[in-house]
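What follows is the residue order along each chain.
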Amino acid sequence: MALVVSGAPGPALRYHPRPTTFPSPTMKIWVDADACPVAIKEILYRAAKRAEVPLTLVANQMLRVPPSPWIRALQVPAGFDVADQRIVQEAKAGDVVVTADIPLAALVIAKGAAVIDPRGELLDARNIQERLTLRNFMETLRSGGVETGGPAALSSADKQAFANQLDRLLARRPTL
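Residues numbered from 1 in each chain as written. Predicted model: local features only at pLDDT ≥ 70, side-chain atom pairs only at ≥ 80, totals over all residues. Heavy atoms only, no water.

Participant: I keep staring at unusual backbone geometry and nothing clicks. Help me out?
Facilitator: For residues that are not glycine, phi is negative in most cases, and the peptide bond is trans in most cases. For Glu 52, which is not glycine, the phi dihedral falls at a positive 55 degrees. Residue position: Glu 52 is located in the loop between helix 1 (38-51) and strand 4 (55-59). Although it is not a glycine, Asp 81 sits at a positive phi angle of roughly 60 degrees. Along the chain, Asp 81 falls in the loop between strand 5 (71-75) and helix 2 (82-90). A relative accessible area of 31% places Asp 81 in the partly exposed class. (Helix = DSSP H or I, 4+ residues; strand = E, 2+ residues; numbered from the N terminus. Buried < 20%, exposed > 50% of the residue type's maximum accessible area, 1.4 Å probe, protein only.)

Okay, structure coming up:
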C-alpha cells in the first residue's frame, strides 16, 4: 500500500488515504516527481484542477500537494528507479507522463503514453531513439571522465513551453 499525502503549503501535513482510481477514466497525468521543478508542479496543479484530469506525483519522498480530488502524491519505497518502475506499471495508452528521464520516457512511449519533459519538449516514437542515443553518448563521456556540465536553469520560456505543450495534450484528450 502506498502512502498518499496532501495538504496546503505550510508546516502542517495531512495524511489520508485516497482511492487509487479517479472520477474520470480517460486520461491521467503521471509525474516523475523526485526531480520535477517546483514551477512545473505548480503548472500541473492548476491544469489538473482546471481540466479535471487526475494528476499523480510519484516520488520516493513525501510530497506536499494542494488539496484537490484531482491531485495526489504517491510515495514509493526508496531505491534505484523505484518511482520510474511504478510509473511504467501504472501508465496506460493515452496518459501523459512528465519526466526528464529518457529511459523512463522510452518505456512509457512504448506503452502509448505521451511524454513531456519539464522544458516542454514532447517526446514520442519519432524522437525518443535520438534522445536515447544522445543520453547514452553523454553517459559514455561522463564515465570516461569528461565534464559535460548540467542542464541550464529552468527559464520563463521553458515554463511557458511546458504549459503550452500540456494544454495542447489536454485539448486532444477524449471527453466523456
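Participant: Can you help me understand the nonpolar core in this one?
Facilitator: General note: in soluble globular proteins, nonpolar side chains tend to be found buried as a group. Membership of the largest hydrophobic core comes to 30 residues, with the highest contact counts inside it found for Ile 29, Val 31, Leu 44, Leu 55, Leu 57 and Leu 166. Looking at this core, the elements with two or more residues in it are strand 3 (29-32), helix 1, strand 4, strand 5, strand 6 (96-98), strand 7 (114-116) and helix 5 (156-172). (Core = buried A, V, L, I, M, F, W, Y, C linked by side-chain atoms within 4.5 Å.)

Participant: Is there a simple way to think about the packing of helix 3 (residues 102-110) against helix 4 (residues 128-143) in this case?
Facilitator: The packing of two helices is summarised by the inter-axis angle and the distance between the axes. Close contact between helix 3 and helix 4 brings their axes to 9 Å; oriented N to C, the two are set at 155 degrees. It follows from the interaxial angle that helix 3 and helix 4 lie roughly antiparallel. For the element pair helix 3 and helix 4, the recorded crossing hand is left-handed. Between helix 3 and helix 4, the contacting residues are Ile 102, Pro 103, Ala 105, Ala 106 and Ile 109 on the first element and Ile 128, Arg 131, Leu 132 and Arg 135 on the second. Residues of the contact of helix 3 with helix 4, tallied by class, amount to seven nonpolar, no polar and two charged. (Axes fitted to C-alpha atoms, helices over the stretch in contact; angles between N-to-C directions. Parallel < 35°, antiparallel > 145°, perpendicular 65-115°, else oblique. Left-handed = near helix turned anticlockwise from the far one by under 90°. Contact = heavy atoms within 4.5 Å. Nonpolar A, V, L, I, M, F, W, Y, C, P; charged D, E, K, R; others polar.)

Participant: Any chance you could explain the confidence of the model for the protein here in plain terms?
Facilitator: Should pLDDT be low for a region, the predicted coordinates there are not to be read in detail. Mean pLDDT over the protein works out to 84, with 84% of the residues at or above the 70 mark. Note on residues 1-24: pLDDT under 50 across the span, and 59 contacts to partners over four residues away in sequence or across chains. (pLDDT = per-residue confidence, 0-100.)

Participant: Just to check I follow, could you spell out helix 5 for this structure?
Facilitator: Given 3.6 residues per turn, any residue in an α-helix points the same way as the ones three and four places further on. A rise of 1.5 Å per residue sets the reference length of helix 5, with its 17 residues, at 24 Å; its end C-alpha atoms lie 25 Å apart and thus fit the reference within 8%. Looking only at helix 5, the buried set comprises Asp 158, Phe 162, Ala 163, Gln 165, Leu 166, Leu 169 and Leu 170. The buried residues of helix 5 all sit within an arc of 165 degrees when viewed along its axis, so they share a single face. More than 90 degrees from the buried face of helix 5, the exposed residues found are Ser 156, Ala 157, Ala 171 and Arg 172. In this fold, the buried residues of helix 5 make contact with strand 3, helix 1, strand 6, strand 7 and strand 8 (122-123). (Expected span 1.5 Å × (residues − 1). Arc of directions from axis to C-beta.)

Participant: Would you mind going over the environment of Leu 154 with me for this structure?
Facilitator: Checked against the element boundaries, Leu 154 lands in the loop between helix 4 and helix 5. Measuring from C-alpha to C-alpha, the distance between Leu 154 and Ile 40 comes to 9.5 Å, with 114 residues separating the pair along the chain.

Participant: Just to check I follow, could you spell out the environment of Val 58 for this structure?
Facilitator: Along the polypeptide, Val 58 turns up in strand 4. C-alpha separation for the pair Val 58 and Ala 83, spaced 25 residues apart in sequence, amounts to 5.9 Å. With sequence-adjacent residues up to four places away left out, Val 58 is seen in contact with Trp 30, Val 31, Asp 32, Ala 33, Asp 34, Leu 74, Val 76, Ala 83, Arg 86 and Ile 87.

Participant: So what exactly am I meant to see when it comes to the pattern of salt bridges here?
Facilitator: Opposite charge on two side chains permits them to pair, given that their charged atoms come into close proximity. Tallied over the full model, the rule gives five salt bridges. For the salt bridge of Glu 90 with Arg 86, the shortest nitrogen-to-oxygen distance reads 3.1 Å. Here Glu 90 pairs with Arg 86, and both are found in helix 2, just four residues apart, close to one helical turn. Accessibility expressed as a relative area gives 24% for Glu 90, which makes it partly exposed. Residue Arg 86 is classed as partly exposed on the basis of its relative accessible area, which comes to 23%. (Salt bridge = Lys/Arg side-chain N within 4 Å of Asp/Glu carboxyl O.)

Participant: Where do I start with the side chain of Asp 84 in this structure?
Facilitator: Here Asp 84 lies in helix 2. If near-sequence neighbours (up to four positions away) are discounted, Asp 84 is found in contact with Asp 32, Asp 101 and Leu 104.

Participant: Teacher, can you tell me more about the pairing of strand 5 here?
Facilitator: Counting buried positions over the five residues of strand 5 gives four, a clear majority of the element. Summarising the sheet, strand 4 and strand 5 pair through five bridges and their orientation is parallel. If you follow Leu 55 over to strand 5, its bridge partner there is Ile 71. (Pairing = 2+ DSSP bridges.)

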